[in-house]
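Each chain, letter by letter, is given below.
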Amino acid sequence: MKKQFPIWLGFALALILLPQIFDTVLGISILNQMTIWIIFALSYNMLLGQGGMLSFGHAVYFGLGGFMSVHALNLIADEIIVFSITLIPLVGGAVGLLAAVFIGSFSTRKSGTVFAMISLGIGELIVASSLIFADFFGGEAGVTGDRTYGPPFFGIEFLQDAEVYYLGAFWLFVATLFMYLFTQTPAGRMANAVRDNPERAEFIGYSTRRVRFISFCAAGLFAGVAGGLFAINYEFITEENLNALTSGRVLLMAYIGGLGFFIGPIVGAVILTLMNSLLSNYSEMWMLYLGIMFLLTVLFLPRGFAGFIMMHQTAWQNRRLGTLILPYLITAIPASLFLAGFVGLVELSHKGDDTLSFFGLILGTESMLSWGILLTLTGIGALGVKLSGPRLDAAWVLANTVRSDNGGDAQ
Amino acid sequence: MSLLTLDAVCKSFGSTRIINDVSLDIEAGEKHAIIGPNGAGKSTLFHLISGRYNVSSGAIGFQGKSIHNLPPYEIARRGIARSFQVTNIFPRMSVFENIRCALLWSEGYRYSFWQLVGRQKKLNEKSFGILEQIGLSDKAQLPSGELAYAQQRALELGVAIASGAELIMLDEPVAGMSNSEAENAVALIRRITEGKTLIMVEHDMNIVFDIADRISVLVYGEIIATDTPENIRGNKRVQEAYLGEVPCDA
Ligand SMILES: Nc1ncnc2c1ncn2[C@@H]1O[C@H](COP(=O)(O)OP(=O)(O)OP(=O)(O)O)[C@@H](O)[C@H]1O
Ligand SMILES: [Mg+2]
């Protein structure tokens, strides 16, 4: 913990400074989304990355926490309870925890595919009941609240997004710290052990079911905290926030970021939130790009973006990271050409009668020339990547081979 | 009173009987070897004692209390630790973490989520102590899946003995090792089982006659003899059934 103090300090500073750097309305809004999704993705990784439990229904705890939080906002507004809205994430967390205790009591009996199927089933069940219990879930329209009631917090009434951001950043910091500390407790260590080898875990005295149950409850709690933040930020929640789409999205975040690293889900949540809020402004096809990115990650970066970064550790220790810069750049140029050409093709193919403005060119679906330009670009890019690939490979091998003159051995 | 008692234990998979009417008493402090041809049911017997399988009939008692059909973690908590014939460790965790996890329950941490393992001085010192014993101190931070075979076997042993259980059961601990590796492993087994009770499955007769106070011979799921090494060597039935097949220079 002591050694990591600078990291946590840096994290806190980054959280404080980010809204000064990205101080536009859009910037703050994206940062707000990130606080929510990072907590949610980290909580998901307590299941999958740390505990080896593949869940297709983690949005249930996020959503239930969120719904209860919106109701709590309304109770505060109606002055039925007096309660600072800064504590709403605790309401979400309590609800997430309660739901996880109840559902986990039977779902964690199993692991692997059976666990995954149960999580899927529960997810569907909750979605279905959200249509039945319309009072609580508000039917298809959802429920709305207002965060500006209740006792002000040192004069802050949360009228502005920036104020909400700092509230979210506070909870993000606290939640991240606690989730990290959890991994360092006996229960957290045993979650890893059960993930690695459930059979052996039983022979060193641990009930795998109980170990999974504890992780599951913790994951539910923090998902609920994220749901509470969602409620504060959007003042609005619908059934969509607890359905399979949201569950899938958090899975993507954790996976793309990297399941094997504590910071993986943070990276994934940041990437996906950026794609979601920026790319979606430019292209209706952003989901397609997301899907492709997920596929590529699964195929080529099984340890996610965090894993990709960590791959460079050996080169760093060998002090040869620098030798990789040039080969990376040389491959990056044709790769960008390929990417541009490919994106152009995708965009043009759904333009219909419209035209596509592409780096100053006006391209049309009818024009053979337009297609030709894009295809050529894509082709040249692909060829360039193929030609420069071996050089990058060679540089990679060299950078990862230990220098003979420093006398160290490979491990 | 015996430490471990097996009373008419039977185990069938479907209609095939693998363990047939096995009765056995193990005294506290005894070093007991179980030998027998491949497929005799030695590992199955271990699985029955350690709770991996339920018995089909019969009873198993440990320290005077019945333990058969309890889940493995209950049996482990009562003081029976075991290793596996096929290495069975936590491959993605470091060597040190493997040992530390194996210590958690016996050190009383249970399912604690309010203590940080890094802060537990005694726990960590003990873990390093065991690493030293099994000769893996210099590999402490390596993911255990990356260890060489003999080192993984040493870790397998370490995970089994970490808890300081009263009864230690080792299933072919030196199988697949080179002669010198096996020698080291035997010395290690002697050291770490000192003052404890040991049940060991082993094919190498030199090692068996070297370590064991008593030997049981298991053939087709039945114990055909339990006796001291000298008597087992002289036993006609054993020679016919087993030792005759495997020439040994003991
Ligand atoms: N789960 C199971 N289902 C069906 N048959 C089994 C099962 N486990 C073991 N057997 C059978 O039981 C018999 C005994 O197996 P076991 O592994 O106990 O033998 P062993 O004495 O340990 O042999 P080895 O010396 O090869 O390790 C074998 O014929 C095996 O095929
Ligand atoms: Mg066997």
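Before any of the text, the structure's been laid out above.
Read on for a plain summary of the structure. Quick caveat, the model's predicted, so the values are computed rather than measured.

Definitions and limits used
By convention here, each chain's residues receive numbers from 1 onward along its written sequence. Key to labels: chains lettered from A, ligands numbered from 1, both in the order written. Restriction of local features to residues with pLDDT of at least 70 applies here, the model being predicted, together with a cutoff of 80 or more for giving and counting side-chain atom pairs; totals for whole chains, interfaces and linings are based on all residues. Side-chain numbers come from the whole structure's heavy atoms, not from hydrogens or water. Runs of E in the DSSP output that reach at least two residues are strands. Runs of H or I that reach at least four are helices, and both are numbered from the N terminus. Exposure categories follow from relative accessible area, calculated using a 1.4 Å probe and restricted to protein chains: below 20% of the type maximum is buried, above 50% is exposed, and the middle band is partly exposed. Any two residues having at least one pair of non-hydrogen atoms within 4.5 Å are treated as being in contact. Here the rule is simple: two strands pair whenever DSSP picks up at least two bridges between them. Put simply, buried area is how much 1.4 Å-probe accessible surface two parts lose in total, over both of them, once they are put together. Every case where a carboxyl oxygen of Asp or Glu lies within 4 Å of a side-chain nitrogen of Lys or Arg is listed as a salt bridge. Whenever two N or O atoms come within 3.5 Å, that pair is a polar contact, provided that in protein one can donate a hydrogen and the other can accept it, and provided that, for residues adjacent in sequence, both atoms are side-chain atoms. Lys, Arg, Asp and Glu make up the charged group, whereas Ala, Val, Leu, Ile, Met, Phe, Trp, Tyr, Cys and Pro make up the nonpolar group; the residues left over, Gly among them, are polar. In this description, a line fitted to the C-alpha atoms serves as the axis of each element, helices being fitted only across the stretch in contact, and the angle between N-to-C directions of two axes falls anywhere from 0 to 180 degrees.

## Notes on the side chain of T44(B)
Residues and elements named next belong to chain B.
(1) Moving on: As for its position among the elements, T44 is in helix α1 (residues 42-50).
(2) Moving on: Residue T44 is classed as buried on the basis of its relative accessible area of 12%.
(3) Moving on: Setting aside residues no more than four positions away along its own chain, T44 makes contact with K11, F13, I18, I19 and Y53.

## Thoughts on the pairing of strand β3 (residues 355-358) of chain A
Residues and elements named next belong to chain A.
(1) Moving on: Only one face of β3 is buried: it carries L356 and F358, and the other face, with T355 and S357, is open.
(2) Moving on: Two elements, β3 and strand β4 (residues 361-364), share four bridges in a ladder whose sense is antiparallel. The residue bridging F358 from the neighbouring strand is L361, located in β4.
(3) Moving on: Where β3 hands over to β4, the hairpin turn is made up of two residues, of which F359 adopts a positive phi near 45°.

## A closer look at the interface of chain A and chain B
Frequently, the measure chosen for interface size is the accessible area removed from exposure when the parts meet.
(1) Moving on: Contacts between the two partners involve 28 residues from chain A and, on the opposite side, 36 residues from chain B.
(2) Moving on: Summed over both partners, the interface of chain A with chain B comes to about 2800 Å²; 63% of that surface belongs to carbon and sulfur atoms.
(3) Moving on: On inspection of chain A and its partner chain B, the count reaches three salt bridges.
(4) Moving on: As a salt-bridge pair, R52(B) and E199(A) come within 2.5 Å of each other at their nearest N and O atoms.
(5) Moving on: Our count for the chain A to chain B interface comes out at 16 residue pairs in polar contact (both at pLDDT 80 or more).
(6) Moving on: Put simply, the parts of the chain that give the side of chain A that touches chain B at least two residues each are α7 (161-183), α8 (186-196), α9 (198-203) and α10 (208-234) of chain A.
(7) Moving on: Of the residues assigned to the side of chain A that touches chain B, the class counts are 13 nonpolar, eight polar and seven charged.

## Quick notes on the sheet that holds strand β4 (residues 57-62) of chain B
Residue and element names in this part refer to chain B.
(1) Moving on: In space, the four strands of this open sheet follow the order β2-β1-β4-β5, with antiparallel pairing throughout. Edge strands, defined here as strands with exactly one partner in the open sheet, are β2 (16-26) and β5 (65-66).
(2) Moving on: Bridge count between strand β1 (residues 4-13) and β2: seven bridges; the pairing is antiparallel. Bridged to K11 within β2 is I19.
(3) Moving on: Set on the sheet, α1 makes contact with β1, β2 and β4; between it and β1 the angle comes to about 115°.

Note that all results are geometric; they support no functional claim without further evidence.
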